[in-house]
Amino acid sequence: MRNYIIKRILTSIMILFFVAFVIYLLMRCLPTSYIESMARQLSTQPGAKSYEEWMEQLSSAYNLDGNIITGFLGMLVQMLTGNFGDSWVYTKPCTELLKETVGISFAMGAVAFVLELIIAIPLGIIAATKQYSKTDYVITVVALAGISLPTFFFASLLKLVFSVNLGWFDLMGLTGRNYSQLSRGGQLLDIANHLVLPVVTLVVINIGSLMRYTRTNMLEVLNADYIRTARAKGLNERKVIYHHAFRNTLIPLVTIIGNSLPGLFSGALITETLYSIQGIGYTSYHAMVGGDIPFSMFYLMFMAILTLAGNLIADILYAVVDPRVRIA
């Protein structure tokens, strides 16, 4: 196992190198950027230099005047030394901006992730054990609705009903107007109140695919020969389902769960933007819109590292879930 983990880490580093190059290439090919906006703004001031002169000066200052290979290698050396640069839009070091925003994204994503597991997996099992019944049809409809609903539409619907019509929650933001006047406990409750709709949005949008996946794999396992043998021996149906069948269903589920872990730290870009929750997803969206190359690259690299780490965790969990798995 140790040799396998070392091999996978080395492979991930190689993949990360090529991913970093592709990301840098895409950033250099953006149709607009922060320096173009700055050059255009500076050139309009009285007695200022021309737009072309400002572009040349700013490109030189941000090491964007060389070719792509030279620029990429220079950026790579800086990243290896822990210098990810400063965000152009937020005028802060990228690492500091990450520390300020990733916490709220992780809290929101973790709560939604736990609720997804608690809701989707049991419902998927129930749908499989009661195949073609009314319960199965209802669960299937709910799952398909969750898969089909666009995030922006469902979030807008929730805000219309619970914020505009009922007035139970604020339309957007992480805190209320009286946040600074509340006690510590009151502030936490205020933040929790503002996170209810974003969390509900994430849960409803994401449980559908997990429910369907659980149901499909559970049906496949329930039709296996060893399940028929267990029933023929007179074992309790509950033991057959949850001890024999469900344990083998966990193996493919580990893939989804492992690949979902990076999402806890990378933020929910669309949901955070719709609710104006200033997490890492919201911050990265506005950085990309503003042509903020340093932070956009940092965020995409951060997501790539999390994705590779999630795949590695999923592979390791296979052996935890099923002792029969042996890695040479």
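Scroll up to find the structure this text is about.
These figures come from a predicted structure and were not determined experimentally. (Residues numbered from 1 in each chain as written. Predicted model: local features only at pLDDT ≥ 70, side-chain atom pairs only at ≥ 80, totals over all residues. Heavy atoms only, no water.)

Engineer: Describe the overall build of the protein, naming the residues involved and giving the relevant values.
Structural biologist: Of regular secondary structure, the protein possesses 14 helices and 0 strands. Ordering the α and β elements of the protein from the N terminus gives α-α-α-α-α-α-α-α-α-α-α-α-α-α. By principal-axis analysis of the C-alpha atoms, the protein measures approximately 90 × 60 × 35 Å. Counting only residues that meet the buried cut, the protein has 40% of its 328 residues in that class. For the protein, long-range pairs separated by at least 24 residues make up 71% of all intrachain contacts whose partners lie at least 6 apart in sequence. Of the roughly 18400 Å² of accessible surface on the protein, a fraction of 65% belongs to carbon and sulfur atoms. (Helix = DSSP H or I, 4+ residues; strand = E, 2+ residues; numbered from the N terminus. Buried < 20%, exposed > 50% of the residue type's maximum accessible area, 1.4 Å probe, protein only. Contact = heavy atoms within 4.5 Å. Areas by Shrake-Rupley, 256 points an atom, 1.4 Å probe, with all protein chains shown as cover.)

Engineer: For empty space enclosed by the protein, give the residues involved together with the corresponding values.
Structural biologist: All told, the structure shown has 1 cavity of 30 Å³ or more when counted by the stated rule. In this structure, the largest cavity encloses a volume near 50 Å³. Around the largest cavity, the lining residues are Phe169, Asp170, Leu171, Met172, Gly173, Asn193, His194, Val196, Leu197, Pro198 and Tyr275. The biggest single contributor to the lining of the largest cavity is helix α8 (residues 184-222), with 5 residues. Residue classes in the lining of the largest cavity are distributed as 7 nonpolar, 3 polar and 1 charged. (1 Å grid on protein atoms, 1.4 Å probe; cavity = no way out; pocket = protein on both sides within 12 Å on 5 of 7 lines; lining within 4 Å. Points joined across faces, edges and corners; volume = space filled by probe spheres on them. Nonpolar A, V, L, I, M, F, W, Y, C, P; charged D, E, K, R; others polar.)

Engineer: Account for a nonpolar patch on the surface, with residues named and values stated.
Structural biologist: The grouping of Phe152, Phe153, Leu157, Leu160, Val161, Val164, Leu166, Trp168, Leu171, Met172 and Ile270 at the surface amounts to a nonpolar patch, some 1000 Å² of accessible area in total. Among the elements that take part in the nonpolar patch, helix α7 (residues 151-165) stands out by supplying 6 residues, more than any other. The topology assignment puts Phe152 in helix α7. (Patch = residues over 30% accessible without salt bridge, like charges linked within 9 Å, V, L, I, M, F, W, Y side chains within 5 Å. Salt bridge = Lys/Arg side-chain N within 4 Å of Asp/Glu carboxyl O.)

Engineer: Give a detailed account of the pattern of salt bridges, specifying residues and quantitative values.
Structural biologist: Oppositely charged side chains are able to pair whenever their charged atoms sit close together. What the rule picks out here adds up to 4 salt bridges. A salt bridge links Asp136 to Arg215, with the shortest nitrogen-to-oxygen separation between them at 2.8 Å. With Asp136 in helix α6 (residues 134-148) and Arg215 in helix α8, the pair connects residues that are 79 residues apart, well separated along the chain. A salt bridge links Glu237 to Arg231, with the shortest nitrogen-to-oxygen separation between them at 2.8 Å. The partly exposed category is assigned to Glu237, whose relative accessible area is 38%. Overall, the relative accessible area of 35% leaves Arg231 in the partly exposed class.

Engineer: Go over helix α10 (residues 237-260), please, and point to the residues and values.
Structural biologist: Where α10 bends most, the angle comes to about 45°, and this point is Pro252. Val240, Ile241, Ala245, Phe246, Thr249, Pro252, Leu253, Val254, Ile257 and Gly258 are the residues of α10 that are buried. The residue sitting at the N-terminus of α10 and contributing the capping side-chain oxygen is Asn236; that oxygen lies 2.8 Å from the backbone nitrogen of Arg238. (Bend = angle between axes of the 7 residues up to and from the residue. Polar contact = N/O pair within 3.5 Å; in protein donor to acceptor, adjacent residues only side chain to side chain.)

Engineer: Lay out the environment of Asp315 with the relevant residues and their values.
Structural biologist: Structurally, Asp315 is set in helix α14 (residues 293-321). Linking Asp315 and Thr255, residues 60 residues apart in sequence, is a C-alpha distance of 7.8 Å. Excluding anything up to four places from it in sequence, Asp315 contacts Tyr4 and Arg8.

Engineer: Pulling in residues and values, what's your account of unusual backbone geometry?
Structural biologist: Even without glycine at this site, Tyr132 takes up a positive phi of about 65°. Take Tyr132: it is sitting in the loop between α5 (94-129) and α6. One non-glycine residue, Ser276, lies in positive phi territory at about 55°. Here Ser276 shows up in the loop between α12 (269-275) and α13 (280-289). Owing to a relative accessible area of 22%, Ser276 belongs among the partly exposed residues under this scheme.

Engineer: Describe the nonpolar core, and please don't skip the residues or the numbers.
Structural biologist: The biggest cluster of nonpolar side chains holds 38 residues, and the ones touching the most others in it are Leu195, Met218 and Leu222. Taken together, the elements giving at least two residues each to this core come down to α5, α6, α7, α8, α9 (225-232) and α10. Counting residues per element, this core draws most heavily on α8, which supplies 14 residues. Here Leu222 is in contact with Ala128, Thr129, Ile227, Arg231, Ile241 and Ala245, once residues within four sequence places are set aside. One finds Met55, Met75, Met297 and Leu308 within the second-largest nonpolar core, a separate group that totals 21 residues. (Core = buried A, V, L, I, M, F, W, Y, C linked by side-chain atoms within 4.5 Å.)

Engineer: Account for the packing of aromatic side chains, naming residues and giving values.
Structural biologist: For any pair of aromatic rings, geometry is given as the distance between the ring centres together with the angle between the planes. What the rule picks out here adds up to 8 aromatic pairs. A ring pair is formed by Phe17 and Phe72, whose centres lie 5.6 Å apart and whose planes are at 70°; its orientation type is edge-to-face. Residue Phe17 is located in helix α1 (residues 2-28), and its partner Phe72 is located in helix α4 (residues 68-80); the two are separated by 55 residues in the primary sequence. Phe17 sits in the partly exposed class, given a relative accessible area of 37%. (Phe/Tyr/Trp six-rings, centres within 6.5 Å; stacked < 30°, edge-to-face > 60°.)

Engineer: Could you give an account of the packing of α1 against α4, with specific residues and numbers?
Structural biologist: Relative orientation of the contacting elements α1 and α4 amounts to 125°, with a least axis distance of 10 Å. It follows that α1 is oblique to α4 by the angle criterion. As α1 runs across α4, the sense of the crossing is right-handed. Contacts from Phe17, Ala20, Phe21, Tyr24, Leu25 and Arg28 of α1 reach α4 at Ile68, Ile69, Gly71, Phe72, Met75 and Leu76. The residue inventory of the contact of α1 with α4, partitioned by class, reads 10 nonpolar, 1 polar and 1 charged. (Axes fitted to C-alpha atoms, helices over the stretch in contact; angles between N-to-C directions. Parallel < 35°, antiparallel > 145°, perpendicular 65-115°, else oblique. Left-handed = near helix turned anticlockwise from the far one by under 90°.)

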